[in-house]
Amino acid sequence: MSNADFQPVSGLDLPRFAGVPTFMRLPFISRDNALFSEVNIGLVGIPWDGGTTNRPGARHGPRQVRDSSTMIRAQHPVSLVKPFELVNCADLGDVSPNPADLEDTLNRVTQYYKGLATSGITPLSVGGDHLVSLPVLRGISAAEPFAMIHFDAHTDLYAGYFGKTKYTHGTPFRCAIEEGLLDPKKVVQIGIRGTMYSTEDLEWGRERGVTIITMDEARERGHQNVMQQAREIVGDTPTYASFDIDFIDPAFAPGTGTPEIGGVDSWTAQQYVRQLGGLNLVGADMVEVSPPFDQSGNTAWVGASIMFELLCVLAQSASVR
Ligand code: MN
Ligand code: MN
């Protein structure tokens, strides 16, 4: 059921380097557009890095990823999924943050995503730093907590910063578990690595039932084995997918605030995301692309390509709802 109102501009009609950049060249549909109510999957930018504790710049991620994403074509090369024919996809624009006020920004993003949930729109979001996942989860939350599959070098289950600041890009999933937005027994974190302050975050998560798979373990077991376990853990529970670009090795995606060596290559990252196919996905995000640290522009391209992988599995889920 291909809907003509929701098709991307084809590179055969206008070259992919031309025109106004939107996510994957989809139509930009604002909330006051009559077509808004027909959107199934909304691609949304959250240009905000107010939760960053080290190198900033992820606020510039959505614009750069939009530009890179104009190189994406319409069909997946392996699954052969055509997401723009399966469901109605659109670029909904950016959520406006308040760059000088963290709490106000969290509220703004939460309210925005409540609106999407009310309209039945499944979100595919682009950060921004990883704290943006918290207000997204608050906004789309349902009666029962979600499961989550989380790709990252870091658990983002840390306690507050400097002993008092609760909200940073290292704390969103600790907050989400404490708030009952996520069921810790159905949270799977893959790719954890890098030097640590302590093991407190790992212990906190594991005590509550979070499955934390380090990159060393993931490489030992292989992506198919790891994702088979992840799929069994989440089952048919409504599941959120969160992809921090630092899951991938900085050789492939250097433009991010807290890179860690020993990550996967971009091909392996694709394999992980593809194995989300068939799950009951309620939303996804791709975060932490920081263009000021992305000298070649390749990180934004890797991020846009991961977005397309996420979009294809989201479209499969949304088309059977
Ligand atoms: Mn993260
Ligand atoms: Mn990270």
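Going by the structure above, here's the rest.
Residues numbered from 1 in each chain as written. Chains lettered and ligands numbered in written order. Predicted model: local features only at pLDDT ≥ 70, side-chain atom pairs only at ≥ 80, totals over all residues. Heavy atoms only, no water.

A.B. asks: Would you mind showing me how to read the overall build of the chain here?
C.D. replies: Across its full length, the chain carries 10 helices and 8 strands. Computed over the C-alpha atoms, the radius of gyration of the chain is 18 Å, within 12% of the 20 Å expected from 2.2 N^0.38 for a compact globule of 321 residues. In terms of overall dimensions, the chain has C-alpha extents of about 55 × 45 × 40 Å along its principal axes. Residues counted as buried form 56% of the 321 residues belonging to the chain. In the chain, once contacts between residues fewer than 6 apart in sequence are set aside, the share between residues at least 24 apart is 77%. The chain carries 25 positive and 37 negative side-chain charges, and their two centres are separated by 2 Å. (Helix = DSSP H or I, 4+ residues; strand = E, 2+ residues; numbered from the N terminus. Rg over C-alpha atoms; globule rule 2.2 N^0.38 Å. Buried < 20%, exposed > 50% of the residue type's maximum accessible area, 1.4 Å probe, protein only. Contact = heavy atoms within 4.5 Å. Lys, Arg positive; Asp, Glu negative; His and termini not counted. Charge placed at Lys NZ, Arg CZ, Asp CG, Glu CD.)

A.B. asks: Looking at this structure, I do not really get the layout of surface pockets. What am I missing?
C.D. replies: As a volume, the largest pocket reaches approximately 710 Å³. A per-class count over the lining of the largest pocket returns 6 nonpolar, 12 polar and 8 charged. (1 Å grid on protein atoms, 1.4 Å probe; cavity = no way out; pocket = protein on both sides within 12 Å on 5 of 7 lines; lining within 4 Å. Points joined across faces, edges and corners; volume = space filled by probe spheres on them. Nonpolar A, V, L, I, M, F, W, Y, C, P; charged D, E, K, R; others polar.)

A.B. asks: Could you clarify how one ought to interpret the sheet that holds strand S4 (residues 146-151) in this entry?
C.D. replies: What holds strands together in a sheet is hydrogen bonding between their backbones, with the strands either parallel or antiparallel. With parallel pairing, the 8 strands of this open sheet are ordered in space as S2-S1-S3-S8-S7-S4-S5-S6. Where the open sheet ends on each side, the last strands, each with one partner, are strand S2 (89-94) and strand S6 (211-214). Averaged over all neighbouring strand pairs, the angle between strand axes comes to 15 degrees, with direction disregarded. Two strands pair when backbone bridges link them, and strand S5 (residues 182-192) and S6 are joined in this way by 4 bridges, in the parallel orientation. Considered in S6, the bridge of Val188 is made with Thr211. Seen against the sheet, helix H3 (residues 102-118) touches strand S1 (41-46), S2 and strand S3 (122-127) and runs at an angle of roughly 170 degrees to S1. (Pairing = 2+ DSSP bridges. Axes fitted to C-alpha atoms, helices over the stretch in contact; angles between N-to-C directions.)

A.B. asks: Which parts of the structure should I look at to understand the nonpolar core?
C.D. replies: Note that soluble globular proteins tend to have their nonpolar side chains buried in a common cluster. Ile190, Phe243 and Leu276 are the most contacted members of the largest nonpolar core, which totals 54 residues. Looking at this core element by element, the count peaks at 13 residues for helix H10 (residues 298-319). Look past the residues within four positions of Phe243 in its chain and what remains in contact with it is Phe151, Ile248, Ala269, Val273, Asp285, Met286, Val287, Ile306 and Leu310. Listed in part, the 42 residues of the second largest apolar core include Phe6, Leu137, Leu157 and Leu202. (Core = buried A, V, L, I, M, F, W, Y, C linked by side-chain atoms within 4.5 Å.)

A.B. asks: Would you mind showing me how to read the pairing of S1 here?
C.D. replies: Consecutive side chains of a regular strand alternate in pointing toward one face of the sheet and then the other. Most of S1 sits inside the fold, with 6 of its 6 residues counted as buried. Neither face of S1 is exposed, since Ile41, Leu43 and Gly45 on one face and Gly42, Val44 and Ile46 on the opposite face are all buried. Both S1 and S3 contribute to a ladder of 6 bridges, which runs parallel. Following the sheet pairing, Leu43 is matched in S3 by Leu124.

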